[in-house]
Amino acid sequence: MNALFVVGDRYAAFADQSGAVTVSRLVSEIRAGALRPPAQDPVGPLVLAEGQGVSPYDWELIVGELARQGMSDGTRILRAERGTPATRAETHKHRERNVLIAGLTRTDEHTFTASLRIDNDEELQLDHQASHVQGMVLLEAARQMYLAVCERHYASRWPERHYAYVFESLHTTFRNFVFPLETTIRCQVLGADLSDPELLSFDVQVDFGQARLHAAGVRMVGTAFDRELMARKEARGAQRSVRQALRGLPAPADLVPAG
């Protein structure tokens, strides 16, 4: 079988190292006829398997180029089945391209699973070059998993309330590189104190797995404050910080005139 993993253009370094192909490179090779097998030595259908960073818009382009080159019948596309992305309310992200989890599912009372999904233009990738998925992306995915689980399965008991989340501690362990391929996320809620609806407490472990290896884990302990309570706490903290910062400014006589 002639099979290729297709990844977003930001993972060109991974593609060069691994034999995968970026969207742009794939389209160029289709147009050049480089992927058409010799008539005297057929190798079966070309299988294009979806990695990370490939959008439906990208697949439309790829399918269109295959059709123009008469390669549709000889090509099979294996799309990733990651499920529906978590919502804006669950991840606290304003743009869908920055949502990193999809297919959130409850597997038992305290355990949840999801798939990692990385848009080619996800915010943490815009100024970073590496062949693997950088650790900060995994940290953000862990944060989103924590929020989505807490919002969907715990805070939803009080639909009239809206919560802001604050972490007290995060402990992260990296064991193996994560590459832009299918990655599973497992979340276990180790503790949840829901006795005070204004102040919910959570202790959560999030683990990432790829290619049957445990890649990374993040233990997070945090609190969900009712947003009105949180706003009051933030206002007091902001005012206190400004007062202290003002006391630390140099005397006016020591400053250079603005003109």
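Look up: the structure comes first, before these words.
Calculation notes
Residues numbered from 1 in each chain as written. Predicted model: local features only at pLDDT ≥ 70, side-chain atom pairs only at ≥ 80, totals over all residues. Heavy atoms only, no water. Pairing = 2+ DSSP bridges. Helix = DSSP H or I, 4+ residues; strand = E, 2+ residues; numbered from the N terminus. Axes fitted to C-alpha atoms, helices over the stretch in contact; angles between N-to-C directions. Contact = heavy atoms within 4.5 Å. Patch = residues over 30% accessible without salt bridge, like charges linked within 9 Å, V, L, I, M, F, W, Y side chains within 5 Å. Areas by Shrake-Rupley, 256 points an atom, 1.4 Å probe, with all protein chains shown as cover. Salt bridge = Lys/Arg side-chain N within 4 Å of Asp/Glu carboxyl O. Lys, Arg positive; Asp, Glu negative; His and termini not counted. Charge placed at Lys NZ, Arg CZ, Asp CG, Glu CD. Buried < 20%, exposed > 50% of the residue type's maximum accessible area, 1.4 Å probe, protein only. Expected span 1.5 Å × (residues − 1). Core = buried A, V, L, I, M, F, W, Y, C linked by side-chain atoms within 4.5 Å.

A. A look at the sheet that holds strand β5 (residues 101-108). The six strands are arranged β5-β6-β8-β9-β10-β7 in an open sheet whose pairing can be described as antiparallel. Looking at the sheet topology across the chains shown, the edges are occupied by β5 and β7 (163-174). Sheet twist, expressed as the mean angle between neighbouring strand axes with direction ignored, is 25 degrees. Where β7 lies against strand β10 (residues 213-226), eleven bridges are found, and the strand directions are antiparallel. Considered in β10, the bridge of His 171 is made with Arg 219. Along the sheet face, helix α5 (residues 135-153) touches β5, β6 (111-116), β7, β8 (184-193), β9 (199-210) and β10 and points at about 135 degrees away from the line of β7. The strands that helix α6 (residues 227-247) touches are β7 and β10; relative to β10, the one it contacts most, it runs at about 85 degrees.

B. Structural view of a negative patch on the surface. On the surface, a cluster of negative charge is made up of Asp 193, Asp 196, Glu 198 and Glu 228. Taking relative accessible area as the criterion, Glu 198 reaches 33% and is therefore assigned partly exposed.

C. Molecular detail of helix α3 (residues 56-68). Look at α3: 18 Å from first C-alpha to last across 13 residues, which is about the 18 Å you get at 1.5 Å a residue. Of all the residues in α3, the buried ones are Asp 58, Trp 59, Ile 62, Gly 64, Glu 65 and Leu 66. Looking at the buried side of α3, the elements it contacts are β1 (2-7), α2 (23-32), β3 (46-50) and β4 (75-78). At the C-terminal side of α3, Gly 70 shows a positive phi close to 70 degrees.

D. Quick peek at the nonpolar core. One finds Met 145, Tyr 165, Phe 202, Val 206 and Phe 208 to be the most contacted residues of the largest nonpolar core, which totals 45 residues. Those elements that place two or more of their residues in this core are α1 (12-18), β5, β6, α5, β7, β8, β9 and β10. The dominant element in this core, judged by the number of residues it contributes, is α5, at ten residues. Ranked by size, the runner-up nonpolar core spans 15 residues in total, among them Val 6, Leu 35, Leu 46 and Met 71.

E. Structural detail: a positive patch on the surface. A cluster of basic residues, Arg 232, Lys 233, Arg 236, Arg 240, Arg 243 and Arg 247, forms a positive patch at the surface. Among the secondary structure elements, Arg 236 is positioned in helix α6.

F. Spotlight on unusual backbone geometry. Here Ala 211, not a glycine, exhibits a phi torsion of approximately 55 degrees, which is positive. Inspection of the secondary structure puts Ala 211 in the loop between β9 and β10. Under the relative-accessibility criterion, Ala 211 is labelled exposed at 65%. The phi dihedral of Arg 212 falls on the positive side, at around 65 degrees, and the residue is not glycine. Along the polypeptide, Arg 212 turns up in the loop between β9 and β10. Exposure remark for Arg 212: the relative accessible area of 89% places this residue in the exposed category.

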